[in-house]
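# Inside the fold
Chain by chain, the residues run as shown.
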Amino acid sequence: MTWVAAVARLRARRESGVLVTVATVRGHAPRDAGAKLVVGRSETWGSIGGGNVEAVAIDRAREMMATAKAEPELIDFALNDKVTNQHGVQCCGGTVQVLLEPLPVVRAVAVFGVGHVGLELARILARQDLDLHLIDSRADMLTKERLGVVADAVAQVHVHHTPLLPEEVLEELPPGTHVLIMTHDHAEDAALCDAALRTPRLGSVGLIGSAAKWARFRKRLATEGGHDEATIDRIKTPIGLADITGKEPATIAVSVAADLLRTFASEENRLPDPEEN
């Protein structure tokens, strides 16, 4: 498997990893500059030459995967019998510099409701490296022409038309997906809120709307849904930054996107949990 395919496999599995590259070579070495190795939690793909160099790189890569904010690293190796190595002697005679680049799990965001605000939000989020799920019960909101604004997206965009039960998509979303609920129908919003609280391993859950709307929803989630107060508090509403008060769709979308990016930043400050991926 090529290193490109291995990186794609990790992304699809939602697993972190490290891309290891032979950056420079002086003298004799097992592999030339440019050789690559992809390290996952339990598997590796490719090779940078085996021996001590590869073993140390794999060890360090897995240490990096356990770090909240790992940064790229360069490691220097001298390949001679005068150097004390952790995993045996390599005496090719040259020196090698290896670059380790973290491959974090790509975030996922689901936008339920691709109306005026949802479409503007999709335009903004599509510029981020993430998996973006756009869900709507109305087929005309998801036409190729209308979604042409995200045709050149950096994100991987997944479109879901759900004419009957949009909440069923929640079970299909990757672990840790951040959910934003902003459909055209308050009944649909309410069903999504209830289903989101019953769906384990989601990320944050946000709901667009007024204080009056949330008061009705909160009461319904408690009385009809049977959710306790702590569970209901998982839903953030209103979404967006409080000091951005404009009501134009594009303004609301900027506010919501900025608030979500702030949530992403707070996540980076905690250690990854292997069970979350």
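So, here's what we can say about the structure. (Residues numbered from 1 in each chain as written. Predicted model: local features only at pLDDT ≥ 70, side-chain atom pairs only at ≥ 80, totals over all residues. Heavy atoms only, no water.)

In this section: the environment of I181. Examined against the element boundaries, I181 turns out to sit in strand 9 (residues 178–181). The exposure class assigned to I181 is buried, which follows from its relative accessible area of 0%. In sequence terms I181 and I239 are 58 residues apart; their C-alpha atoms lie 9.6 Å from each other. Those residues in contact with I181, other than ones at most four positions away along the chain, are F112, D189, L192, C193, V205, G206, L207 and I208. (Helix = DSSP H or I, 4+ residues; strand = E, 2+ residues; numbered from the N terminus. Buried < 20%, exposed > 50% of the residue type's maximum accessible area, 1.4 Å probe, protein only. Contact = heavy atoms within 4.5 Å.)

Here the structure, examined in full by the defined rule, presents 16 salt bridges. The salt bridge involving E15 is made with R13; its shortest N-O contact spans 4.0 Å. Take E15: its relative accessible area is 21%, and that puts it in the partly exposed class. Here R13 makes a salt bridge to E43, at a shortest N to O gap of 2.7 Å. Of this pair, R13 sits in helix 1 (residues 3–13) while E43 sits in the loop between strand 2 (36–39) and strand 3 (44–46), placing them 30 residues apart in sequence. R13 sits in the partly exposed class, given a relative accessible area of 33%. According to the relative accessible area criterion, E43 is partly exposed, its value standing at 30%. (Salt bridge = Lys/Arg side-chain N within 4 Å of Asp/Glu carboxyl O.)

Nothing here speaks to function; it is all geometry.
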